[in-house]
Amino acid sequence: VQVVESGGGLVQPGGSLRLSCAASGRTFSTARMGWYRQAPGKERDLVARITSDGNTYYADSVKGRFTISRDNDKNTVYLQMNSLKPEDTAVYYCKADLYPAYLGAYWGQGTQVNVSS
């Protein structure tokens, strides 16, 4: 399974970005997909997660601003980020938790998001 993120970049505070995560393999539709982020000197934290049946979870810091979605036909999960703040600056990683669990979990290489004026 390969997981590849894209869509990062530099954006001004208040702006928007959409991250994409493309995953290979037939197991995508049953996988739980998550977006994590890691700022310099900090731990990697869960930002948002979506289950195979579309249930979502958001960290308190992004609720109301970020939206996670998935397109199983395209094997892709998205993170729409609105009203971005400087504290959202981080490397964003996509993770695929395959089902059943013995198939393992896979991380992408990350995409940098910088929020700055």
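Look up: the structure comes first, before these words.
Below is a short write-up of the structure. (Residues numbered from 1 in each chain as written. Predicted model: local features only at pLDDT ≥ 70, side-chain atom pairs only at ≥ 80, totals over all residues. Heavy atoms only, no water.)

## Observations concerning the packing of aromatic side chains
We count it as follows: Aromatic contacts are taken between Phe, Tyr and Trp rings whose centres are within 6.5 Å, Trp giving its six-membered ring; a plane angle under 30 degrees counts as stacked, one over 60 as edge-to-face, and the others as tilted. Per the convention used, a helix needs a DSSP run of H or I reaching at least four residues, while a strand needs a run of E reaching at least two, with both numbered from the N terminus. Three exposure classes are used, based on accessible area relative to the maximum for each residue type with a 1.4 Å probe and protein chains only: buried under 20%, partly exposed in between, and exposed over 50%.
Under the counting rule described, the total for this entry stands at 2 aromatic pairs. Between Tyr93 and Trp107, the ring centres sit 6.4 Å apart and the planes meet at 85°, which makes this aromatic pair edge-to-face. Of the two residues, Tyr93 sits in strand 9 (residues 90-97) while Trp107 sits in strand 10 (residues 105-107), which places them 14 residues apart along the sequence. Since its relative accessible area comes to 13%, Tyr93 is described here as buried.

## Quick look at the pattern of salt bridges
Quick reminder of the rule: Any Lys or Arg side-chain nitrogen found within 4 Å of a carboxyl oxygen on Asp or Glu counts as a salt bridge.
Considering all chains together, one arrives at 5 salt bridges under this definition. Close ionic contact of Asp60 with Lys63 constitutes a salt bridge, the shortest N to O distance being 3.2 Å. Overall, Asp60 belongs to the exposed group, its relative accessible area being 64%. Several salt bridges share partner residues, and in doing so they unite Arg32, Lys95 and Asp97 into one network.

## Quick look at unusual backbone geometry
Here the bond from Tyr99 into Pro100 is cis, since omega is -5°, no more than 30 degrees from zero. Along the polypeptide, Pro100 turns up in the loop between strand 9 and strand 10. One non-glycine residue, Asn75, lies in the positive phi region at around 55°. Tracing the backbone through its elements, the reader meets Asn75 in the loop between strand 7 (66-71) and strand 8 (76-81). At Ser83, a position not held by glycine, the phi torsion is positive, near 50°.

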